[in-house]
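# Geometric and topological summary
Chain by chain, the residues:
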Amino acid sequence: MLRDDISITITLVLVLINAGVSFAAFNNQALMDKLKFNPYLIKHRKQWWRFFTHGFVHADIMHLAFNMIAFYSFGRIMEQLYHQLFGEKAILYFLCLYFGGLLTAIIPTYEKHKNDSWYNSVGASGAVSSVIFAFIVYAPFSTIAVFFVPMPAIVFSVLYVAYSIYAGRRGADNVNHSAHLSGALFGLLFTAIVDPQAYPHFIEIIKNRLG
């Protein structure tokens, strides 16, 4: 059902936009400041665009590369699957998954830091998490490589959530782990809404594997 020989138009366009905007911002601090997520400026100066634009700028090349490699790997497969499931509406659903994850992932951060003028966040991690976890519902035992270590997707999901909770509580690495968790949750909930058969199928896969 999930193949690699697919058209990747939407996925590729999003990757190229992320790369283009991020590289532009690397060399233009004023642009970075204009686009990054600053909840204080959103609340007090009504700069609502930051809810979305923060997802197109990244802290550095490694941050950008990690997010875009992950998104490209999973996004192209989800794009194909959506074409199979939703036909002509596939692009709309895929964009809703991506941008819905991007927005939903950052809302808890907004609520927590809306009065902290010093707080900033960048990156598409929330959107990427939503795509990855939507993928896991459909192919929980697909093998994925995490830092070159192969593992089933469902094992990765458990480790990912556990680490995000642990690291988020420590708060020592300047990474917005709550956005990762919120994006993942959005991917799971969005899948349940747009494809009611996804979770019965997921449960059947688990039963068959455990049986």
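Note that the structure is a prediction, hence the values are computed from the model and not measured.

Our focus in this paragraph is the nonpolar core. One broad trend across soluble globular proteins is that nonpolar side chains are buried collectively. The biggest cluster of nonpolar side chains holds 42 residues, and the ones touching the most others in it are F71, M78, Y82, I132 and F135. When contributions to this core are tallied by element, the ones reaching two or more residues are α1 (9-26), α5 (61-86), α6 (90-113), α7 (125-138), α8 (153-170), α9 (177-194) and α10 (198-210). Discounting residues that sit within four places of it in the chain, Y82 has contacts with G87, A90, Y93, F94, L97 and F190. Counting five residues, the second largest nonpolar core, distinct from the first, contains I42, F51, I106 and Y110.

Before going further, it helps to examine the packing of aromatic side chains. Applying the stated rule across the entire model yields 18 aromatic pairs. Plain terms: the ring middles of F133 and Y160 are 5.4 Å apart, the flat faces sit at 55 degrees to each other, and that makes the pair tilted. Here F133 is found in helix α7, whereas its partner Y160 is found in helix α8, with 27 residues between them in sequence. As far as burial versus exposure is concerned, F133 and Y160 are alike and both buried. Above the plane of the ring of F141 lies R209, whose end atom (NZ or CZ) is 4.3 Å from the centre.

Among the surface-exposed residues, L12, L16 and Y72 lie close enough to one another that they form a single nonpolar patch of about 260 Å² accessible area. One can find L12 in helix α1.

The next thing to look at is the packing of α6 against α7. Across the interface, α6 lies against α7 with an axial gap of 7 Å and an inter-helix angle of 125 degrees. With respect to each other, α6 and α7 are oriented oblique. Considering how the two elements wind past one another, α6 and α7 form a crossing that is right-handed. On α7, the residues that touch L97, Y98, G101, L102 and A105 of α6 are G126, A127, S130, V131 and A134. Partitioned by chemical class, the residues of the contact of α6 with α7 number seven nonpolar, three polar and no charged.

All right, on to the packing of α1 against α5 then. Relative to each other, α1 and α5 sit at 170 degrees, their axes nearing to 8 Å. As judged from the angle between their axes, α1 and α5 are roughly antiparallel. Contact residues: T9, I10, T11, L14, V15, N18, A19, S22, F23 and F26 in α1; I61, L64, M68, F71, Y72, G75, R76 and E79 in α5.

Rules of the game
- Residues numbered from 1 in each chain as written.
- Predicted model: local features only at pLDDT ≥ 70, side-chain atom pairs only at ≥ 80, totals over all residues.
- Heavy atoms only, no water.
- Core = buried A, V, L, I, M, F, W, Y, C linked by side-chain atoms within 4.5 Å.
- Buried < 20%, exposed > 50% of the residue type's maximum accessible area, 1.4 Å probe, protein only.
- Helix = DSSP H or I, 4+ residues; strand = E, 2+ residues; numbered from the N terminus.
- Contact = heavy atoms within 4.5 Å.
- Phe/Tyr/Trp six-rings, centres within 6.5 Å; stacked < 30°, edge-to-face > 60°.
- Lys NZ or Arg CZ within 6 Å of the ring centre and 35° of its normal.
- Patch = residues over 30% accessible without salt bridge, like charges linked within 9 Å, V, L, I, M, F, W, Y side chains within 5 Å.
- Areas by Shrake-Rupley, 256 points an atom, 1.4 Å probe, with all protein chains shown as cover.
- Salt bridge = Lys/Arg side-chain N within 4 Å of Asp/Glu carboxyl O.
- Axes fitted to C-alpha atoms, helices over the stretch in contact; angles between N-to-C directions.
- Parallel < 35°, antiparallel > 145°, perpendicular 65-115°, else oblique.
- Left-handed = near helix turned anticlockwise from the far one by under 90°.
- Nonpolar A, V, L, I, M, F, W, Y, C, P; charged D, E, K, R; others polar.

Spatial relationships are all this shows, so hold off on functional conclusions.
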